[in-house]
Amino acid sequence: GLSSMAVIRQKAEFYVNGSYKGDDADFTKELEHLAEAAMAKVREYRLFHNMDYAKEQMESQLNSMPENRVFWESYNLAMLCFLKRELNEGKEYFDRFLKILKNPLYGEAPCDWHEELYNHCIQYLCPKLESEDKAHKMVSDMIERRRIFFSGKPSYKKLKEEFTL
């Protein structure tokens, strides 16, 4: 099935792509419904501001997935744990991620980018997992680099201008 955001997007495209039949009241009602559904998703996503809530949801998702479908989930949980200064738990999730990189669950040989990522993790990330403070700083620095990268993109600048009140 489609995610709720995909359904919202699909319905919006339905109206935008010429399916509007001239009934303003019906069109307005449908768009209001779409906006309310989108706002409900925004409210749900805002709950992730609470790192305990985020961790609970991410663990629930990870635990409900078949083992052969898990990949980034354990990495993301590790990074969240490091951000929360939960070093030992973060290391457990990170070790799980490294095992997936080294031994794919599909019985196939690791692909090139798995090996490159594994080597990067061993060489650059693992040495920073000596203490809660170092692990926390590593993740904070990663977030800062991504913010700088994305905020420099023209599409982000345009989006920021459109939503400035």
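In this text, all values refer to a predicted model and were calculated from it rather than measured experimentally.

(A) A look at the overall build of the chain. Summing up its helical and strand segments, the chain has 8 helices and 0 strands in all. Helices (α) and strands (β) of the chain occur, in sequence order from the N terminus, as α-α-α-α-α-α-α-α. Taken across its 165 residues, the chain has 27% of its residues classed as buried.

(B) Looking closely at the packing of helix H4 (residues 72-83) against helix H5 (residues 87-102). Between H4 and H5, the least distance of the axes is 8 Å, while the angle of their chain directions is 155°. Taken together, the axes of H4 and H5 are roughly antiparallel relative to one another. Between H4 and H5 lies a crossing whose hand is left-handed. Contacts from Trp72, Ser74, Tyr75, Leu77, Ala78, Met79, Cys81 and Phe82 in H4 reach Leu87, Glu89, Gly90, Lys91, Tyr93, Phe94, Arg96, Phe97 and Ile100 in H5.

(C) Main features of the side chain of Glu59. As for its placement among the helices and strands, Glu59 is situated in helix H3 (residues 51-64). Although Glu59 is buried, it forms no salt bridge, and the closest oppositely charged side chain is Lys55 at an N-O distance of 4.1 Å. A distance of 2.9 Å separates polar atoms of two side chains, one belonging to Glu59 and the other to Tyr93.

(D) Seen up close, the nonpolar core. Formed by 28 residues in total, the largest nonpolar core has its most connected members in Met79, Phe82, Phe94, Phe97, Leu101, Cys121 and Met138. Listing elements by their share of this core, those giving two or more residues are H3, H4, H5, helix H6 (112-125) and helix H7 (132-151).

(E) Spotlight on a nonpolar patch on the surface. Taken together, the side chains of Tyr45, Leu47 and Phe48 present a nonpolar region at the surface, about 290 Å² in accessible area. Mapping Phe48 onto the fold places it in the loop between helix H2 (24-46) and H3. Assessed through its relative accessible area of 32%, Phe48 is described here as partly exposed.

(F) Structural detail: unusual backbone geometry. Not every positive phi belongs to a glycine, and Arg85 is a case in point at roughly 65°. Position of Arg85 among the secondary structure elements: in the loop between H4 and H5.

(G) Spatial organisation of the packing of H3 against H5. Put simply, H3 and H5 touch, their axes get as near as 14 Å, and they point 35° apart. Note that H3 runs across H5; the crossing there is left-handed. On the side of H3, the interface is formed by Lys55, Glu59 and Leu62, while H5 contributes Glu89, Tyr93 and Arg96.

(H) Seen up close, the packing of aromatic side chains. Overall, the coordinates contain 12 aromatic pairs when judged by the stated rule. Relative to Phe94, the ring of Tyr75 has its centre 6.5 Å away and its plane inclined at 45°; by these criteria the two rings are tilted. Here Tyr75, found in helix H4, pairs with Phe94, found in helix H5; they are 19 residues apart in sequence, far enough to count as distant. We classify Phe94 as buried; its relative accessible area is 1%. Through a chain of ring-to-ring contacts, the aromatic side chains of Phe71, Trp72, Tyr75, Phe82, Phe94, Phe97 and Trp113 assemble into a single cluster.

(I) Local environment of the pattern of salt bridges. The tally for this structure, following the rule as stated, stands at 9 salt bridges. Taking the shortest distance from any N to any O, the salt bridge between Arg96 and Glu67 comes out at 3.1 Å. Of the two residues, Arg96 sits in helix H5 while Glu67 sits in the loop between H3 and H4, which places them 29 residues apart along the sequence. You can call Glu67 partly exposed: its relative accessible area is 43%. Residue Glu86 pairs with Lys84 through a salt bridge whose shortest N-O separation is 3.4 Å.

Parameters at a glance
- Note on numbering: residues in each chain are counted from 1, in written sequence order.
- Predicted model: local features are reported for residues with pLDDT of at least 70 only, side-chain atom pairs are reported and counted for 80 or more only, and whole-chain, interface and lining totals are derived from all residues.
- Hydrogens are left out, water is left out, and the side-chain values use all remaining heavy atoms of the structure.
- Numbering of helices and strands runs from the N terminus, with a helix taken as a DSSP run of H or I at least four residues long and a strand as a DSSP run of E at least two residues long.
- Remark: exposure states derive from per-residue accessible area (1.4 Å probe, protein chains only) relative to the maximum for the residue type, with buried under 20%, exposed over 50%, and partly exposed in between.
- In this description, a line fitted to the C-alpha atoms serves as the axis of each element, helices being fitted only across the stretch in contact, and the angle between N-to-C directions of two axes falls anywhere from 0 to 180 degrees.
- Under this scheme an angle from 65 to 115 degrees is roughly perpendicular, one under 35 degrees roughly parallel, and one over 145 degrees roughly antiparallel; angles in between are oblique.
- Should the near helix be turned counterclockwise from the far one by less than a right angle, the crossing is left-handed, whereas a clockwise turn marks it as right-handed.
- Only heavy atoms enter the contact rule, under which two residues are in contact if any of them lie within 4.5 Å.
- The charged-residue count follows a simple rule in which Lys and Arg add positive charge and Asp and Glu add negative charge, with His and chain termini not counted at all.
- We define a salt bridge as a contact between a side-chain nitrogen of Lys or Arg and a carboxyl oxygen of Asp or Glu at a distance within 4 Å.
- For the purposes of these results, a polar contact is taken to be a pair of N or O atoms within 3.5 Å, where, inside protein, one atom must be able to donate a hydrogen and its partner to accept one; residues adjacent in sequence count only when each atom of the pair is a side-chain atom.
- We define a nonpolar core as any set of buried Ala, Val, Leu, Ile, Met, Phe, Trp, Tyr and Cys residues linked to one another through side-chain atoms lying within 4.5 Å.
- What goes into a patch is any residue over 30% in relative accessible area without a salt bridge, connected to like charges within 9 Å or, for nonpolar side chains (Val, Leu, Ile, Met, Phe, Trp, Tyr), within 5 Å.
- All accessibility values rest on the Shrake-Rupley procedure with a 1.4 Å probe; residue burial counts only the protein chains present in the view.
- Here a Phe, Tyr or Trp ring, Trp counted by its six-membered ring, pairs with any other such ring whose centre lies within 6.5 Å, and the pair is stacked when the planes are under 30 degrees apart, edge-to-face when over 60, and tilted otherwise.

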